[in-house]
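Survey of secondary and tertiary structure
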Amino acid sequence: MHRFTDPHALLDQTTTLSRFLSYVQVETQSDAHSQARPSTPGQLVLLEQLRQEMLALGLVDVELTAGAFLLGTLPGNTDGPAFGLIAHVDTAPGCSGDGVSPQLHADYQGGDIELKDGVVILASENPELALCLGETLITADGTTLLGADDKAGVAIAMGVVEYLIAHPELPRPSLRIAFTPDEEIGRGAHGFPYERFGATAAITLDGGFSGELNVETFNADAAWVRVTGVPTHPGTAKGKLVNAITWLARLIERLPADERPETTEGYQGFFHVTEVEGDATEATAQLILRDFDAEALAARGALLRALAGELITQEPRLRVTVSVEPSYRNMRPALERQPALVEQLLEATRLAEVEPRVLPIRGGTDGAMLTAGGLPCPNVFAGGVNFHGPTEWICTRSLGESMAVVLHLVQLRAGA
Ligand SMILES: [Zn+2]
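Residues numbered from 1 in each chain as written. Predicted model: local features only at pLDDT ≥ 70, side-chain atom pairs only at ≥ 80, totals over all residues. Heavy atoms only, no water.

**Some words on the pairing of strand β1 (residues 60-64)**
Pairing between β1 and strand β2 (residues 70-74): three bridges, direction antiparallel. Bridge pairing links E63 to L71 in β2. Counted along the chain from β1 to the antiparallel partner β2, the turn is five residues long, and its residue A68 has a positive phi close to 65 degrees. (Pairing = 2+ DSSP bridges. Helix = DSSP H or I, 4+ residues; strand = E, 2+ residues; numbered from the N terminus.)

Here it is, written out as structure tokens:
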């Protein structure tokens, strides 16, 4: 086992950092309102740039598929199944990613970081900053997001490949690379070419600050409650009007107040009313239901139905229907059937002298969808902090630390 405990050396020996700075300057915001694949043309610009870079590095089977997945292979030097490295090229729709101007803050000495337009990265709100004294930080200029989510992941995968090509003595399985579009709008894994990818396991490089590893996500359902009342003229409504809005509001009010996004954290699940529309005749609420535990998630759907039943008991002239549809599922049960993969990931992190922080993701990832699709795929930190906004930042050391984790993992997958 060749050890990597100097993240700066890995950055000095590869072009990871300059690749990262180049990728963030390509505008790749995804757009949920577009039906195209990828949803925005900028993503194709970056995918094409990456295709050229893969070919220049000497990867084989380089292919940009019709589904906008960029695939490539670094052939292995040991037997054994192929292993996958996956990252997404799009950035979040909620904050501009146009004209990103990366700012390097060398030898950070602590304190707040002031950017343009009054945007300030507060040391008090970013405890990770205190772990980066003396390091080089990268931010945007205050007018856009940075795009470390997930161009750091893309740069780390490319840097690892570059390093391995320069060091053929390191044992490695065949490495399959996939760069995906539209992760931020929940379509990243749609149509993933599992067979062509051919790996039996993979990681997404899409996590936060150094040490963060994710092996579990929410289970997620979408739910709709539709209430139909009895309309009448309000002047002669006494004893007749059954107002759908009033009764829907009553049902929402009965949802547990300590099980909302704003009152939960960690492993706690929630009901979140995302949209209400309607009139006195008919009103509909749209909800998302979240829980790490599958049975607890099912209980949330059951509670909605029970509350609907209570309304009808109180007011038999109402009609109330509840429908629940699955959105995505926790990857943990499937990963528990692959204990070696998670163990190797933890060991790879410790070998890099980075303390693993295994955190539940209060959301979904491409890895959750890929795991559900049969490709076990935990998520590994790529270093960024404050995703999806103008205060996003990354410490360059984190890029090197993530590379070190992957280089250990690759050797462990090769049986080293
Ligand atoms: Zn991401």
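Read on, since the account is not over.
**Notes on the sheet that holds strand β12 (residues 270-278)**
Pairing is antiparallel across the open sheet formed by four strands, whose spatial order is β12-β13-β11-β14. The open sheet has two edge strands with one neighbour each: β12 and β14 (319-328). Averaged over neighbouring strand pairs, the angle between their axes works out to 20 degrees when direction is ignored. Relative to β14, strand β11 (residues 219-228) is paired through nine bridges, and the arrangement is antiparallel. If you follow D221 over to β14, its bridge partner there is P326. (Axes fitted to C-alpha atoms, helices over the stretch in contact; angles between N-to-C directions.)

**A few points about the sheet that holds strand β4 (residues 103-105)**
Reading across the sheet, the three strands line up as β4-β7-β17 and stay open at both edges, with antiparallel pairing between neighbours. Lying at the two open borders of the sheet, with one neighbouring strand each, are β4 and β17 (393-395). For this sheet, the mean inter-axis angle between neighbouring strands, taken without regard to orientation, is 25 degrees. In terms of strand pairing, β4 meets strand β7 (residues 137-139) through three bridges, oriented antiparallel. Bridging from a neighbouring strand, L104 pairs with I138 of β7. The strands touched by helix α11 (residues 396-413) within the sheet are β7 and β17, with β17 carrying the most contacts at an inclination of about 65 degrees. (Contact = heavy atoms within 4.5 Å.)

**Thoughts on the domain arrangement of the chain**
Here the chain is described as being made up of domain 1 (7-216 + 330-413) and domain 2 (219-326). Summarising the inter-unit geometry, the C-alpha centres of domain 1 and domain 2 are found 39 Å apart. Residue-level contacts link six residues of domain 1 with eight residues of domain 2. Both sides of the domain 1 and domain 2 interface together cover about 600 Å² of buried area, and 46% of this is carbon and sulfur. Our enumeration of links across domain 1 and domain 2 arrives at zero salt bridges. Where domain 1 touches domain 2, the interface holds seven residue pairs in polar contact (both at pLDDT 80 or more). Residue composition of the side of domain 1 that touches domain 2, by class: two nonpolar, one polar and three charged. (Domains from an automatic or database assignment. Buried area = accessible area lost by both parts, 1.4 Å probe. Salt bridge = Lys/Arg side-chain N within 4 Å of Asp/Glu carboxyl O. Polar contact = N/O pair within 3.5 Å; in protein donor to acceptor, adjacent residues only side chain to side chain. Nonpolar A, V, L, I, M, F, W, Y, C, P; charged D, E, K, R; others polar.)

**Some points on the nonpolar core**
Counting 69 residues, the largest nonpolar core has F20, L50, L85 and F179 as the members making the most contacts within it. Ranked by the residues each element gives to this core, the list is headed by helix α4 (residues 148-166), at eleven residues. Each residue touching F20, except ones within four places of it in the same chain, is listed here: I138, L146, G147, A148, K151, A152, A155 and I394. Of all hydrophobic cores here, the second largest spans 22 residues; its members include A223, V227, A283 and L318. (Core = buried A, V, L, I, M, F, W, Y, C linked by side-chain atoms within 4.5 Å. Buried < 20%, exposed > 50% of the residue type's maximum accessible area, 1.4 Å probe, protein only.)

**Some words on the packing of aromatic side chains**
Two aromatic rings, taken as a pair, are described by how far apart their centres are and by the angle between their planes. With the rule as written, the count across this model stands at eight aromatic pairs. Where F69 meets F192, the ring centres are 5.3 Å apart and the plane angle is 80 degrees; that geometry is what we call edge-to-face. With F69 in the loop between β1 and β2 and F192 in the loop between β8 (175-180) and α5 (194-197), this pair connects stretches of sequence that are 123 residues apart. Comparing F69 with F192 shows no difference in burial state: the two are buried. A ring pair is formed by F218 and F270, whose centres lie 5.5 Å apart and whose planes are at 85 degrees; its orientation type is edge-to-face. Taken together, the positions of F218 in the loop between β10 (212-214) and β11 and F270 in strand β12 put the pair 52 residues apart, joining distant regions of the chain. In textbook terms, an aromatic cluster arises when at least three aromatic residues are bridged by ring pairs, as seen for F69, F192, Y194 and F197. A cation sits over an aromatic face here: R250 above W247, 4.2 Å from the ring centre. Looking at R300, its charged tip hangs above the ring of F271, at a distance of 4.9 Å from the centre. (Phe/Tyr/Trp six-rings, centres within 6.5 Å; stacked < 30°, edge-to-face > 60°. Lys NZ or Arg CZ within 6 Å of the ring centre and 35° of its normal.)

**Topic: the side chain of T349**
Relative to the helices and strands, T349 resides in helix α9 (residues 339-351). Among the residues examined, T349 registers a relative accessible area of 0% and is labelled buried. A polar side-chain atom of T349 sits 2.8 Å from the main-chain carbonyl oxygen of L345.

**Some remarks on α9**
In this model, α9 (13 residues) spans 18 Å end to end at C-alpha, consistent with the 18 Å of a helix rising 1.5 Å per residue. If you check which residues of α9 are buried, you get L341, V342, Q344, L345, L346, A348, T349 and L351. Phi for E353, located one or two positions after α9, is positive at around 60 degrees. (Expected span 1.5 Å × (residues − 1).)

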